[in-house]
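What follows is each chain in one-letter form.
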Amino acid sequence: MEWYHALILGIVQGLAEYLPVSSSGHLEIFREILGIDIPGDKILQFDIILHAATVCSTIVVLWHIFKKLLISFFTFRRDSDYYMVWKILLSCVPIAFVGFALKDYIEEFFGGSLLLVGVCLLVTAFLLAFAHFTDREKILVKRDGRIESKEVMEPAEAGRDITWIDAFIIGCAQAFAVLPGLSRSGTTIATGIVLGDKRSKVAYFSFLMVIIPILGEALLDLFKLVNDPTQQGDTSVGVECLLIGFFASFVVGCCACKWMIDLVRRGKLVWFAIYCVIMGIVCILWR
């Protein structure tokens, strides 16, 4: 892998981890475009680094919320922040089951398939469009004989806080998003909006709930790396590429996280549905 490969993939990961376009799918696409033919088991170090970078960017951008949750949880305050942490933990149960029981099977069976990436991008587009047209923070008004969509004047009064059932359902949506091309952020945020939750709450919840699964996956990959003698001392991805990939993913991820939160608040995710349709068709035709 060349340094510019690491830079491009880091930028792609930083953007696609937060924008509803699937980071795993776009990494597959760009590896194909760049002609990177390093086997999946040899590029494991690089994937761990990219995951660590996105976790760091999430914590930095949402530190004001993350700190409150930690203080409330570890001091047993029993307030809304305390219970929100438990809801986040509940949402991680489905992905934990998939990660421990099915991760290797999914990677072996579905990994590297542009056809699957294309189909899943189309599914992502459908979810985003469906969420847009069922958004309870929008109302329909009749103007000059036409039905138009208009934002509710007081968004804080529209939608509801995330319930325990909502948290588990959103967690199940995240578990399905392990398929390459099915956007994790797009799937979880769209699911929350369809359930009737507040957009801003869903966006924060979606980004916070992924910290534990990403760290868990990184630790599993690291354990696999340490215990696999065939990968120890591997030089397919050098230290320079690891550092470039980390910083590119971290910096771009910070910007993308802020941008995505603003887009969710303004209900603009439907434009990404159009993008996912285009990229999905390209992947299917390119396979």
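Use the structure listed above.
Conventions we followed
Residues numbered from 1 in each chain as written. Predicted model: local features only at pLDDT ≥ 70, side-chain atom pairs only at ≥ 80, totals over all residues. Heavy atoms only, no water. Helix = DSSP H or I, 4+ residues; strand = E, 2+ residues; numbered from the N terminus. Buried < 20%, exposed > 50% of the residue type's maximum accessible area, 1.4 Å probe, protein only. Contact = heavy atoms within 4.5 Å. Areas by Shrake-Rupley, 256 points an atom, 1.4 Å probe, with all protein chains shown as cover. Axes fitted to C-alpha atoms, helices over the stretch in contact; angles between N-to-C directions. Parallel < 35°, antiparallel > 145°, perpendicular 65-115°, else oblique. Left-handed = near helix turned anticlockwise from the far one by under 90°. Nonpolar A, V, L, I, M, F, W, Y, C, P; charged D, E, K, R; others polar. Core = buried A, V, L, I, M, F, W, Y, C linked by side-chain atoms within 4.5 Å. Patch = residues over 30% accessible without salt bridge, like charges linked within 9 Å, V, L, I, M, F, W, Y side chains within 5 Å. Salt bridge = Lys/Arg side-chain N within 4 Å of Asp/Glu carboxyl O. Disulfide = S-S within 2.5 Å. Polar contact = N/O pair within 3.5 Å; in protein donor to acceptor, adjacent residues only side chain to side chain. Expected span 1.5 Å × (residues − 1). Phe/Tyr/Trp six-rings, centres within 6.5 Å; stacked < 30°, edge-to-face > 60°. Lys NZ or Arg CZ within 6 Å of the ring centre and 35° of its normal.

Time to look at the overall build of the protein chain. If you tally the helices and strands in the protein chain, you get 12 helices and 2 strands. Counted from the first residue to the last, the protein chain has its helices and strands arranged as α-α-α-α-α-α-β-β-α-α-α-α-α-α. Looking at the protein chain as a whole, 48% of its 287 residues are labelled buried. Pairs at least 24 residues apart make up 77% of the contacts formed inside the protein chain by residues separated by at least 6 positions. As displayed, the protein chain offers around 14400 Å² of accessible surface, 69% of which is attributable to carbon and sulfur atoms.

Where helix 1 (residues 3-16) contacts helix 2 (residues 23-34), the two axes come as close as 9 Å, and the packing angle between them is 155°. Classified by the interaxial angle, the pair formed by helix 1 and helix 2 is roughly antiparallel. Crossing handedness for the pair helix 1 and helix 2: right-handed. Contact with helix 1, carried on its side by His5, Ile8, Leu9, Val12, Gln13 and Ala16, involves Ser23, His26, Leu27, Phe30, Arg31 and Leu34 of helix 2 and no other residues of that element. Taken together, the residues of the contact of helix 1 with helix 2 break down into 7 nonpolar, 4 polar and 1 charged.

Counting residues in each nonpolar core, the largest one holds 51 residues, and the members touching the most others are Leu208, Met260 and Leu269. Apart from the residues lying within four places of it in its own chain, the contact partners of Leu269 are Pro20, Leu128, Ile189, Met260, Leu263 and Val264. In terms of nonpolar packing, the next biggest core, distinct from the first, is built from 9 residues, Ala6, Leu9, Leu27 and Cys241 among them.

Let's shift gears to a nonpolar patch on the surface. Taken together, the side chains of Trp3, Tyr4, Leu7, Ile11, Leu15 and Trp259 present a nonpolar region at the surface, about 550 Å² in accessible area. Among the elements that make up the nonpolar patch, the one with the highest residue count is helix 1 (5 residues). The residue Tyr4 is located in helix 1 in this model. Look at Tyr4 and you get partly exposed, because its relative accessible area is 39%.

Attention now goes to the pattern of salt bridges. Tallied over the full model, the rule gives 4 salt bridges. For Arg184, the salt bridge is made with Glu17, and the minimal N-O distance between the two is 3.8 Å. With Arg184 in helix 8 (residues 184-195) and Glu17 in the loop between helix 1 and helix 2, this residue pair connects regions lying 167 residues apart in the sequence. Accessibility expressed as a relative area gives 9% for Glu17, which makes it buried. Among the ionic contacts, a cluster of salt bridges with common partners joins Asp161, Lys198 and Lys201.

Applying the stated criterion to the full structure yields 0 disulfides. Cysteine Cys254 is unpaired, with the sulfur of Cys255 as its nearest cysteine sulfur at 6.7 Å. Residue classification places Cys254 among the buried positions, given a relative accessible area of 12%.

We now examine unusual backbone geometry. In most cases, non-glycine residues show a negative phi, while peptide bonds are predominantly trans. For Ser22, which is not glycine, the phi torsion reads 75° and is therefore positive. The topology assignment puts Ser22 in the loop between helix 1 and helix 2. One non-glycine residue, Phe76, lies in the positive phi region at around 55°. Given a relative accessible area of 56%, Phe76 falls into the exposed group.

Tracing the sequence through the fold places Ser91 in helix 5 (residues 80-110). On the basis of relative accessible area, Ser91 is assigned to the buried category, the value being 0%. Separated by 2.6 Å, the side chain of Ser91 and the backbone oxygen of Ile88 make a polar contact.

It is worth spelling out the side chain of Gln174 at this point. Of note, Gln174 is situated in helix 7 (residues 164-176). The exposure class of Gln174 is buried, given its relative accessible area of 2%.

For helix 7, which comprises 13 residues, the first-to-last C-alpha distance of 19 Å matches the rise-based estimate of 18 Å (1.5 Å per residue) to within 8%. Among the residues of helix 7, those classed as buried are Asp166, Ala167, Ile170, Gly171, Ala173, Gln174 and Ala175.

Looking now at the packing of aromatic side chains. Scanning all chains against the criterion turns up 13 aromatic pairs. A ring pair is formed by Tyr82 and Tyr83, whose centres lie 5.2 Å apart and whose planes are at 85°; its orientation type is edge-to-face. Its relative accessible area of 5% is what places Tyr82 among the buried residues. Where Phe246 meets Phe247, the ring centres are 5.4 Å apart and the plane angle is 90°; that geometry is what we call edge-to-face. For Phe247, a relative accessible area of 49% corresponds to the partly exposed category. Every member of this aromatic cluster is reached through a ring pair, and the members are Phe73, Phe74, Phe76, Tyr82, Tyr83, Trp86 and Trp164. Over the ring of Trp164 we find Lys87, and its NZ or CZ is 5.7 Å from the ring centre.

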